Amino acid sequence: MPGQGTAFLDGTGVDGTGNHGLLATLEGLSATQASHEVLGTTIAAHARHTAFHMEVIVRWERDGDRGPFDWKGSFHPLQVEPQEWSALCSRVRHAFLALDAFARTQLDQPVTGDITGGLCGAVAHVAYHLGAMRQLLKGVPGA
């Protein structure tokens, strides 16, 4: 239903209670927590890559931009200062809203494998990184 959140973004419940979605997970962390390295990576790195991925999907599907894209570089830098973390959380939110807006433009369009596959792949990829971030949280002090 328009205007209502989802478990993926900002819900949870049934009964995992609380809010363990992507946006709440990120916004509930400090820059220090997001920058804490666990097994060679950080939540900040995954958040940066997640925003980049959603931005690329829109550019790819809407604009026909085929890159090249710096996927490896999209994870760097691993650490963020407080102002950078705030900006990165905003970037993730904006990237999601842009992806959502693009997906909504496709509601009345004929279904094609390319766009459908791209959008489904985007959801699966972002869900993977949400899961990775939720696992990294287990090694972050105070999280």
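Residues numbered from 1 in each chain as written. Predicted model: local features only at pLDDT ≥ 70, side-chain atom pairs only at ≥ 80, totals over all residues. Heavy atoms only, no water.

A. How the structure looks around the pattern of salt bridges. Within this structure, the stated rule accounts for five salt bridges. The closest approach of N and O atoms between R62 and D63, which form a salt bridge, is 2.7 Å. (Salt bridge = Lys/Arg side-chain N within 4 Å of Asp/Glu carboxyl O.)

B. Spotlight on the side chain of T41. Tracing the sequence through the fold places T41 in the loop between α2 (31-35) and α3 (43-63). Beyond its immediate sequence surroundings of up to four residues, T41 is in contact with H36, H46, L78 and L136. (Helix = DSSP H or I, 4+ residues; strand = E, 2+ residues; numbered from the N terminus. Contact = heavy atoms within 4.5 Å.)

C. Representation of the packing of α3 against helix α5 (residues 113-137). α5 packs onto α3 with a crossing angle of 175° between their chain directions and a minimal axis gap of 10 Å. Here α3 is positioned roughly antiparallel relative to α5, judged by the angle of their axes. Residue composition of the contact of α3 with α5, grouped by class: 13 nonpolar, eight polar and two charged. (Axes fitted to C-alpha atoms, helices over the stretch in contact; angles between N-to-C directions. Parallel < 35°, antiparallel > 145°, perpendicular 65-115°, else oblique. Nonpolar A, V, L, I, M, F, W, Y, C, P; charged D, E, K, R; others polar.)

D. Fine view of the environment of R59. As for its placement among the helices and strands, R59 is situated in helix α3. On a C-alpha basis, the gap between R59 and F102 in space is 9.9 Å, while along the polypeptide they are 43 residues apart. Among residues more than four places away in sequence, those in contact with R59 are G64, D65 and F69.

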